[in-house]
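# Architecture at a glance
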4 protein chains.
Amino acid sequence: MSYPDILKIADKEFSSRLFLGTGKFSSSKLMRESILASKSDLVTVALKRVDSTLENDDILSGLPHPTINLLPNTSGVRNAKEAIFAAELAREALETNWVKLEIHPDPNYLLPDPIETLAATEALVKKGFVVMPYIHADPVLCKRLEDVGVQCVMPLGAPIGTNKGLKTFDFLEIIIEQSKVPVIVDAGIGAPSHAAAAMEMGADAVLVNTAIAVSNNPIQMAKAFKKSIEAGREAYLASLAPVKQNAEASSPLTSFLYD
Amino acid sequence: MSYPDILKIADKEFSSRLFLGTGKFSSSKLMRESILASKSDLVTVALKRVDSTLENDDILSGLPHPTINLLPNTSGVRNAKEAIFAAELAREALETNWVKLEIHPDPNYLLPDPIETLAATEALVKKGFVVMPYIHADPVLCKRLEDVGVQCVMPLGAPIGTNKGLKTFDFLEIIIEQSKVPVIVDAGIGAPSHAAAAMEMGADAVLVNTAIAVSNNPIQMAKAFKKSIEAGREAYLASLAPVKQNAEASSPLTSFLYD
Amino acid sequence: MSYPDILKIADKEFSSRLFLGTGKFSSSKLMRESILASKSDLVTVALKRVDSTLENDDILSGLPHPTINLLPNTSGVRNAKEAIFAAELAREALETNWVKLEIHPDPNYLLPDPIETLAATEALVKKGFVVMPYIHADPVLCKRLEDVGVQCVMPLGAPIGTNKGLKTFDFLEIIIEQSKVPVIVDAGIGAPSHAAAAMEMGADAVLVNTAIAVSNNPIQMAKAFKKSIEAGREAYLASLAPVKQNAEASSPLTSFLYD
Amino acid sequence: MSYPDILKIADKEFSSRLFLGTGKFSSSKLMRESILASKSDLVTVALKRVDSTLENDDILSGLPHPTINLLPNTSGVRNAKEAIFAAELAREALETNWVKLEIHPDPNYLLPDPIETLAATEALVKKGFVVMPYIHADPVLCKRLEDVGVQCVMPLGAPIGTNKGLKTFDFLEIIIEQSKVPVIVDAGIGAPSHAAAAMEMGADAVLVNTAIAVSNNPIQMAKAFKKSIEAGREAYLASLAPVKQNAEASSPLTSFLYD
């Protein structure tokens, strides 16, 4: 597009609407190359890994800092208290007041806890954090998070790592319609078509991890997601043709040669 | 992608996997610019329009012939006999032995007739045509069309002009699995995400018309479809991550700080 | 319902809208008890079995003839010629001019052949048969079958034995809207909810086999299908409430105690 | 079924798994007759109506008390405090410690508030109430409600009054798998097939209101829902046949007459 179409969250502007998770890649090299291929300028990293001393997982040294924002996530915490502590640790370690808040006491589906997430968000916002909360696609929770000063919401499409796509479609529609802050669809996005569909609905961005990381060719898959998200965004801006119940000829049918 | 990924139908190679219909555009100028923006190298045109003497609808003069193939369609015919006559007329007028075969006696949903389509295909192949038949997503019909020498099949996703997407998904899967000729999903594709999904399944190309022509911004929508089709193709080649029932953490969950 | 709601095909009336297939049951006893529990008055039987001399599969002797109609099917034939021969054989063996026409050259998905089915139907109708053709959910084919004198159509919901449900929903809707003969949804019905949905759309009957036969408790499953089909029919007659985009309170919301 | 299959919530047993809402009926007479036709033994009533002095809406006098339980709901409250007050009022008015907790600050989609619902549930359980909370299909929230002593959960299928069906299917599956208390699918159920599908998944009961009340024939629709819910329950107990990707013949295909 010739006109600028910039995503803004808090005080930061993002040229890409594809956010990337950094788990599950078979090597750090592949992870770095996939990130670069995706043109994403925001990647999440588990605080556990930041804290790690393992040489072969040094995500910090591997990334070109100036252009790509590292967003620590609190993956692994089970309540607000643990999340707040993790966020503060991350702020110190990474020198960022941004945090992706993930509170999932559920070990099987890793679904987020709405109560703890609201409590932690409220506390962290008061402490000066820019909070990006991973949540169920619950429109009321989204409004409550807005009320405590959240700068964006990250509703899930399907349980993490399932690649099922937009199983929460009807509720994402409501969230997007009502939200005053950017809506980033997180979790469950398993194919470029899913990401395009989220953007066509009016989502502001999409976070992808498993679908790229476990592909046979993560670099190519990263490029595919990049393109599909741009396609979905452009289609949203151009506005989709309406769905119709009856057919309409795209070729003129009137009075063919034989009438 | 760095490696070549060329679609070949009969003796022709196509660099783009997006085919375009030319109906419903609000002006010829917009149609031409949308075609160019799409980078498509195959556009269909209703024989009725070729035959037309109306100055303002002169699709032939408006297109850069060397790079874009004009594919006449038989839209408006109701049986094999009319279709064969139309194809011969088109061959003379456009100097091409390619024809998109559309036989739809049904005035409401414009769905194709399987019996007439097979009969016309068999006759036209014998007359030296390269036939691209528009059909219901019927896997057995596809095999029968192969048996009479068709060079590709064009199963529908949903009734023409409805923008409903891949409502024949389960049958397209079977067609793609079994087909020995290229499979081009035609009709019903209403959004870039639909086109991407078709390509992710392994379709060889997609034909789009209404979704681009009636958009608020056809040129931008054409670009969006181009990108989404490339994305879907690249994802297919890189192979999608499998859909799982249970969640899998993309961030490492083991032994967080508080255990 | 207090008013009569009778299904009529050709000259026969059916009190039940559940038709049953007889394959895959673990024993003839279980098959018979399931049929009786279902209250179906039309069951299909493969001609192969009629022809059989195996004592333990003697479906003919096991059924209470007066109340249940045996409908021979041509399962196993691959073209019109074989189908016509099979139908004539069945007419002689079972003393019925009714035949369920199944022509599926495809060994993997057992999908029906539209061309051979139309040809066989035309020939069999001329020979005095009441033909019940198993077909893809192809609305144009349905109209062509009507044109040659078919007395009902049996479009599929999904490939036989997959239990996937109404994967052809959008096309069944069109078929039901346009058909002048009863529409019986055949193949793919894997759960009572699928059968209910078919009836709610306005289908005239449903044929079920695998979903009952391979259940842990075929007799109970037969009863469940009976009830769900009655439920779907009654809901169709009472007309479903419309689907709405926005919520509407079912409880009165106006001026609660605290306003 | 010959064996007993009783739903138990707290200390009460229910012979029917269909719960009914009482809003939107065109007359009290029609409401009463529909309830009787449904054989439901639990119907919800908005506290506002209980409080009402309008003669023509006297739900209390109209129902045969001994066999049908009246469940007051808190529809119209916007937070925990209002809900608790409403529940106490209902307890006094109706002499029941059961309450259907509905807290929906959202005037457009009437979606429930997870935070207020958990807080109100905790307080009401401590006050001796049997709480039936209307919630989003959020598996983590369900576990938290269990932790504070809830006796059942009532996740929604779709926004109230939309008749969209089980739009939360993937999350209902998880809730049912994990729940230690009965799961009652509430809101969005628009057709008997939806109710059957919920029961087939293993839901313990279904609450229906709009789909019956606004039907052309509420009494018949009530009967249809009754049957479909029994069908779904019986199918669940008999266990559904598995969904398969490939077809399987239900009629024997081996060596037909022509091989």
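Residues numbered from 1 in each chain as written. Chains lettered and ligands numbered in written order. Predicted model: local features only at pLDDT ≥ 70, side-chain atom pairs only at ≥ 80, totals over all residues. Heavy atoms only, no water.

As recorded in an unreviewed UniProt entry, chain A goes by Thiazole synthase and comes from Galbibacter orientalis DSM 19592. In UniProt, chain A has this text filed under Sequence similarities (unreviewed entry): "Belongs to the ThiG family." (UniProt positions renumbered as here; feature names shortened; annotations may be inferred.)

To continue, consider the overall build of chain A. Counting its secondary structure elements, chain A contains 10 helices and 10 strands. For chain A, with 259 residues in total, the buried portion stands at 64%. Put simply, 65% of the contacts in chain A that link residues at least 6 apart link residues at least 24 apart. Accessible surface for chain A amounts to roughly 9,100 Å². Of this, 49% is attributable to carbon and sulfur atoms. (Helix = DSSP H or I, 4+ residues; strand = E, 2+ residues; numbered from the N terminus. Buried < 20%, exposed > 50% of the residue type's maximum accessible area, 1.4 Å probe, protein only. Contact = heavy atoms within 4.5 Å. Areas by Shrake-Rupley, 256 points an atom, 1.4 Å probe, with all protein chains shown as cover.)

The subject of this paragraph is the UniProt feature "binding site: 1-deoxy-D-xylulose 5-phosphate" (unreviewed entry) in chain A. Residues and elements named next belong to chain A. Within the UniProt annotation, "binding site: 1-deoxy-D-xylulose 5-phosphate" (unreviewed entry) is assigned to Gly-161, Ala-187, Gly-188, Asn-209 and Thr-210. For this annotated set, covering 50 residues, all C-alpha atoms fall within 9.2 Å of each other, a compact arrangement in space. Relative to the assigned elements, Asn-209 resides in the loop between strand S10 (205-208) and helix H9 (210-213). Position of Thr-210 relative to the elements: it lies in helix H9. Assessed through its relative accessible area of 9%, Thr-210 is described here as buried. Looking at Thr-210, its side chain comes within polar contact range of the side chain of Lys-24, at 3.1 Å. (Polar contact = N/O pair within 3.5 Å; in protein donor to acceptor, adjacent residues only side chain to side chain.)

The next point concerns the pattern of salt bridges. Counted according to the given criterion, the structure contains 60 salt bridges over all chains. Arg-144 of chain C is paired through a salt bridge with Asp-113 of chain B; the nearest N and O atoms lie 3.0 Å apart. Placement of the pair is Arg-144 of chain C in helix H6 (residues 139-147) and Asp-113 of chain B in the loop between strand S6 (98-101) and helix H5 (114-126), with the two residues belonging to separate chains. Note on Arg-144 of chain C: relative accessible area 22%, which makes it partly exposed. Close ionic contact of Asp-5 of chain C with Arg-17 of chain C constitutes a salt bridge, the shortest N to O distance being 3.3 Å. Of this pair, Asp-5 of chain C sits in the segment before strand S1 (7-9) while Arg-17 of chain C sits in the loop between strand S2 (12-14) and strand S3 (18-21); the two residues are 12 residues apart in sequence, bridging distant segments of the chain. For Arg-17 of chain C, a relative accessible area of 8% gives the class buried. Shared partners join several salt bridges into a network, and the residues in it are Lys-226, Glu-230 and Glu-234 of chain A together with Lys-227 of chain B. (Salt bridge = Lys/Arg side-chain N within 4 Å of Asp/Glu carboxyl O.)

Attention now goes to the packing of aromatic side chains. According to the stated counting rule, one finds eight aromatic pairs over all chains in the structure shown. Ring centres of Phe-14 of chain D and Trp-98 of chain D lie 6.0 Å apart, and the angle between their planes is 65°; on these two criteria the pair is classed as edge-to-face. Here Trp-98 of chain D lies in strand S6 (residues 98-101) and Phe-14 of chain D lies in strand S2 (residues 12-14), a separation of 84 residues in the sequence. Judged by relative accessible area, which is 0%, Phe-14 of chain D ranks as buried. Among the residues examined, Trp-98 of chain D registers a relative accessible area of 4% and is labelled buried. Taken together, the ring pairs in this structure connect Phe-14, Phe-19 and Trp-98 of chain A into an aromatic cluster. The residue whose ring lies beneath Lys-100 of chain B is Tyr-134 of chain B, and the NZ or CZ to ring-centre distance is 5.4 Å. (Phe/Tyr/Trp six-rings, centres within 6.5 Å; stacked < 30°, edge-to-face > 60°. Lys NZ or Arg CZ within 6 Å of the ring centre and 35° of its normal.)

For the rest of this paragraph, the subject is the side chain of Ser-38 of chain B. Residues and elements named next belong to chain B. Residue position: Ser-38 is located in helix H1 (residues 28-38). With relative accessibility at 0%, the residue Ser-38 sits in the buried group. Looking at Ser-38, its side chain comes within polar contact range of the main-chain oxygen of Ile-35, at 2.7 Å. Sequence-distant contacts of Ser-38, that is, excluding residues within four places in its chain, are made with Leu-18, Leu-20, Ala-222 and Lys-226.

Turning our eyes to something else, we now look at helix H5 (residues 114-126) of chain C. With 13 residues, H5 of chain C ought to run about 18 Å at 1.5 Å a step, and its terminal C-alpha atoms sit 18 Å apart, in line with that. Against the buried residues of H5 of chain C lie H5 and helix H6 (139-147) of chain B together with helix H4 (80-94), strand S6 (98-101), strand S7 (130-135) and H6 of chain C. Looking at where H5 of chain C begins, the residue whose side-chain oxygen comes 2.8 Å from the main-chain nitrogen of Ile-115 of chain C is Asp-113 of chain C. Directly beyond the C-terminal end of H5 of chain C, a positive phi value near 90° is found at Gly-128 of chain C. (Expected span 1.5 Å × (residues − 1).)

What follows deals with the packing of H6 of chain B against helix H7 (residues 169-178) of chain B. Residues and elements named next belong to chain B. Between H6 and H7, whose axes approach to 9 Å, the crossing angle comes to 30°. Relative to H7, H6 is oriented roughly parallel. Of the two possible hands of crossing, H6 and H7 adopt the one that is right-handed. Here H6 contributes Pro-139, Cys-142, Lys-143 and Glu-146 to the contact with H7, which in turn contributes Phe-171, Ile-174, Ile-175 and Gln-178. Split into classes, the residues belonging to the contact of H6 with H7 amount to five nonpolar, one polar and two charged. (Axes fitted to C-alpha atoms, helices over the stretch in contact; angles between N-to-C directions. Parallel < 35°, antiparallel > 145°, perpendicular 65-115°, else oblique. Left-handed = near helix turned anticlockwise from the far one by under 90°. Nonpolar A, V, L, I, M, F, W, Y, C, P; charged D, E, K, R; others polar.)

All names here are of chain A. Looking at chain A, the pLDDT average stands at 88 and 86% of residues meet or exceed 70. Segment residues 53-57 is flagged for pLDDT under 50; beyond a separation of four residues in sequence, or across chains, it makes three contacts in the model. Low pLDDT (under 50) marks residues 253-259, which in the prediction has 21 contacts with non-local residues, meaning those over four places away or in another chain. (pLDDT = per-residue confidence, 0-100.)

Residue and element names in this part refer to chain D. The alternating pattern of S6 places Trp-98 and Lys-100 on one face and Val-99 and Leu-101 on the opposite face, and all of these are buried. Summarising the sheet, S6 and strand S7 (residues 130-135) pair through four bridges and their orientation is parallel. Note that in S7 the partner of Lys-100 across the bridge is Met-132. (Pairing = 2+ DSSP bridges.)

All right, on to helix H7 (residues 169-178) of chain D then. In terms of burial, H7 of chain D is a largely internal element, seven of the 10 residues being buried. Those residues of H7 of chain D that are buried are in contact with helix H6 (139-147), strand S8 (154-155), strand S9 (184-186) and helix H8 (192-201) of chain D.

This part covers the pairing of strand S10 (residues 205-208) of chain D. All names here are of chain D. Going residue by residue along S10, you find Ala-205 and Leu-207 tucked away on one face and Val-206 and Val-208 tucked away on the opposite face as well. Sheet analysis places S9 next to S10, joined by three bridges and oriented parallel. Each residue of the ladder has a partner; that of Asp-186, found in S10, is Leu-207.

Attention shifts here to the packing of H5 of chain B against H6 of chain C. Where H5 of chain B contacts H6 of chain C, the two axes come as close as 8 Å, and the packing angle between them is 100°. Comparing the axis directions of H5 of chain B and H6 of chain C gives the class roughly perpendicular. Across the interface between the two elements, Pro-114, Ile-115 and Glu-116 of chain B from H5 of chain B touch Val-140, Leu-141 and Arg-144 of chain C from H6 of chain C. For the contact of H5 of chain B with H6 of chain C, a count of residues per class yields four nonpolar, no polar and two charged.

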